[in-house]
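Reading the structure
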Amino acid sequence: MTSTIEGNETRRYPVSASGAGAAARAVDAVKVYGRGETAVRALDGVSVGFEAGRFTAIMGPSGSGKSTLLHALAGLDPLTSGSVYIGDTELGALSERKLTRLRRDRVGFVFQQFNLVPTLTASENITLPLDLAGRKAEQEWIDMVIKTLRLGDRLKHKPSELSGGQQQRVAVGRALATRPTIIFADEPTGNLDSRAGAEVLGFLRESVTAWGQTVVMVTHDPVAASYANRVVFLADGRIVDEMSDPTTEKVIDHMKRIGD
């Protein structure tokens, strides 16, 4: 069970890790780094589902396991025990080759550091996942993504010729290019000023509301979390709470409660 606190009211209900309607989920996820007395249990039996067509933020104090959970869900870091799924596909059952293909075709990534290829133009960075997969771009879809991200006049520019906000918009476009099952965003506004950050968050939210995209985002920023439909809170490697329809003020208050 988990609890959601709204005002002075606490509502308790289960965090679903069932496959029904989940774009991604973790079941009894455990991740341990190191051995013996120096072992760190970064995830301690986490079970949680992320509904398709929703924007979910993952929050928690430093060291709570939020980035570890995101990386496990994305197939970037294997679990010590337990399982993670993208749709109905269990990642732990895949060979490295099949896992690489799944990440390429069904998962989009947005990182804090942008991770653009410096020798490619903005246009080439956006379509890079398709090029690597040998797939032809759906030009109508790519054009709509570019228009929504307001990158039409920057397509021939290389990353060094773009502002931080523009680079992150290119990264969002790259994540959307393959029409993935889910986008994982790890502190996507961490290197941006407030205005550029708000633009990127607005685009992520629009991808959910307008196109039915699924987004799971790790953030430490209550303002960023307020763009989500739902916030999941971690502490000491465990899910301790969640909140629907968050606001900045509610998230700040809740993080204070978790920190107490």
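See the structure shown above.
A brief structural summary. Everything quoted here is computed from the prediction, not taken from an experiment.

With mixed pairing, the six strands of this open sheet are ordered in space as S8-S9-S10-S5-S11-S12. A strand with exactly one partner marks an edge of an open sheet, and here the two such strands are strand S8 (107-111) and strand S12 (238-244). Across the sheet, the axes of successive neighbouring strands diverge by a mean angle of 20 degrees, strand direction being ignored. Where strand S11 (residues 230-235) meets S12, six bridges bridge the pair, whose relative direction is antiparallel. Residue pairing across strands places Ala235 opposite Arg238, the latter belonging to S12. Most of the contacts of helix H1 (residues 66-73) go to strand S9 (residues 182-186), to which it runs at about 150 degrees, and overall it touches strand S5 (55-59), S9, strand S10 (215-218) and S11.

Within the structure shown, the criterion is met by two aromatic pairs. Measuring from centroid to centroid gives 5.7 Å for Phe109 and Phe111, while their planes differ by 10 degrees, and the two rings are stacked. By relative accessible area, which is 17% here, Phe109 ends up buried. A cation sits over an aromatic face here: Arg25 above Tyr85, 3.8 Å from the ring centre.

A sheet is described by the order of its strands in space; here four strands give the open sequence S4-S3-S6-S7, paired in antiparallel fashion. Either end of the sheet is taken by a strand with one partner, and the two such strands are strand S4 (40-51) and strand S7 (89-90). By the bridge criterion, five bridges tie strand S3 (residues 22-33) to strand S6 (residues 81-86) in an arrangement that is antiparallel. Directly across from Arg25, in S6, lies its bridge partner Tyr85.

Of note, Pro78 is situated in the loop between H1 and S6. With a relative accessible area of 60%, Pro78 lands in the exposed category.

In the case of a regular strand, side chains alternate between the two sheet surfaces. Across nine bridges, S3 lies against S4 in antiparallel orientation. Of the residues in S4, the one forming a bridge with Val32 is Arg41. Counting the residues in the hairpin turn of S3 and S4 gives six residues, including Gly34, whose phi is positive at 85 degrees.

The next subject is the pattern of salt bridges. All told, the structure shown has 13 salt bridges when counted by the stated rule. Of the charged contacts, one joins Arg103 and Glu96 as a salt bridge, the two residues approaching to 3.7 Å between their closest N and O atoms. Judged by relative accessible area, which is 54%, Glu96 ranks as exposed. Glu199 is paired through a salt bridge with Arg169; the nearest N and O atoms lie 3.9 Å apart. Taken as a pair, Glu199 in helix H7 (residues 194-211) and Arg169 in helix H6 (residues 164-176) lie far apart in primary sequence, 30 residues in all. Judged by its relative accessible area of 24%, Glu199 falls in the partly exposed class. Each of Arg41, Asp44 and Arg238 takes part in one network of salt bridges that share partners.

Interhelical geometry of H6 versus H7 gives an angle of 20 degrees and a closest axis separation of 9 Å. When the axis of H6 is compared with that of H7, the two are roughly parallel. For the pair H6 and H7, the sense of crossing is right-handed. Residues Gly165, Gln168, Arg169, Val172 and Leu176 of H6 lie in contact with H7, whose contacting residues are Ala196, Glu199, Val200, Phe203, Leu204, Ser207 and Trp211. Partitioning the contact of H6 with H7 into residue classes produces seven nonpolar, three polar and two charged.

A separate point is the nonpolar core. In terms of nonpolar packing, the biggest core is built from 42 residues, with Phe55, Val170, Val172, Met217 and Val231 touching the most fellow members. A per-element tally of this core places H7 first, with six residues. If we ignore the near neighbours within four places in the chain, the residues touching Val172 are Val110, Leu149, Val200 and Leu204. Judged by nonpolar contacts, the second largest core, of 27 residues, contains Ala23, Ala26, Ala72 and Val216.

Where helix H5 (residues 139-148) contacts H7, the axes come no closer than 11 Å and their chain directions differ by 135 degrees. One finds that H5 runs oblique with respect to H7. In the packing of H5 onto H7, the handedness of the crossing is right-handed. For the pair H5 and H7, contact is made by Trp141, Met144, Val145 and Thr148 and by Phe203, Glu206 and Trp211, respectively. When its residues are assigned to classes, the contact of H5 with H7 shows five nonpolar, one polar and one charged.

Conventions used here
- Each chain has its residues counted from 1, following the order in which its sequence is written.
- With pLDDT at 70 or above as the cut-off, local features in this predicted model cover only qualifying residues; side-chain atom pairs require 80 or more to be listed or tallied, and sums for whole chains, interfaces and linings still use all residues.
- Side-chain measures here rest on the full set of heavy atoms in the structure, leaving out hydrogens and waters.
- The rule for pairing is simple: two strands pair if DSSP sees at least two bridges between them.
- A run of H or I in DSSP becomes a helix once it reaches four residues, and a run of E becomes a strand once it reaches two; helices and strands are each numbered from the N terminus.
- To obtain an axis, a line is fitted to C-alpha atoms, over the contacting stretch when the element is a helix, and the angle between two such axes runs from 0 to 180 degrees between their N-to-C directions.
- A contact between two residues is defined here by any heavy atoms of the two lying within 4.5 Å.
- Note on aromatic pairs: the rings of Phe, Tyr and Trp (six-membered ring only in Trp) are paired at centre separations within 6.5 Å, and the planes decide the class, stacked below 30 degrees, edge-to-face beyond 60, tilted for the rest.
- Note on classification: 1.4 Å probe, protein chains only; a residue is buried when its accessible area is under 20% of the maximum for its type, exposed when over 50%, partly exposed between these limits.
- Cation placement over rings: the criterion is NZ of Lys or CZ of Arg within 6 Å of the ring centroid and within 35° of the ring normal.
- Salt bridges are counted wherever a side-chain nitrogen of Lys or Arg sits within 4 Å of a carboxyl oxygen of Asp or Glu.
- What sets the label is the angle itself: under 35 degrees gives roughly parallel, over 145 gives roughly antiparallel, 65 to 115 gives roughly perpendicular, and the rest give oblique.
- In this scheme, a crossing is called left-handed if the near helix is turned counterclockwise away from the far one by less than a right angle; it is called right-handed if the turn is clockwise.
- Amino acids outside the nonpolar list (Ala, Val, Leu, Ile, Met, Phe, Trp, Tyr, Cys, Pro) and the charged list (Asp, Glu, Lys, Arg) are all regarded as polar, and Gly is one of them.
- Joining through side-chain atoms within 4.5 Å is the link that ties buried Ala, Val, Leu, Ile, Met, Phe, Trp, Tyr and Cys residues into a set, and such a set is a nonpolar core.

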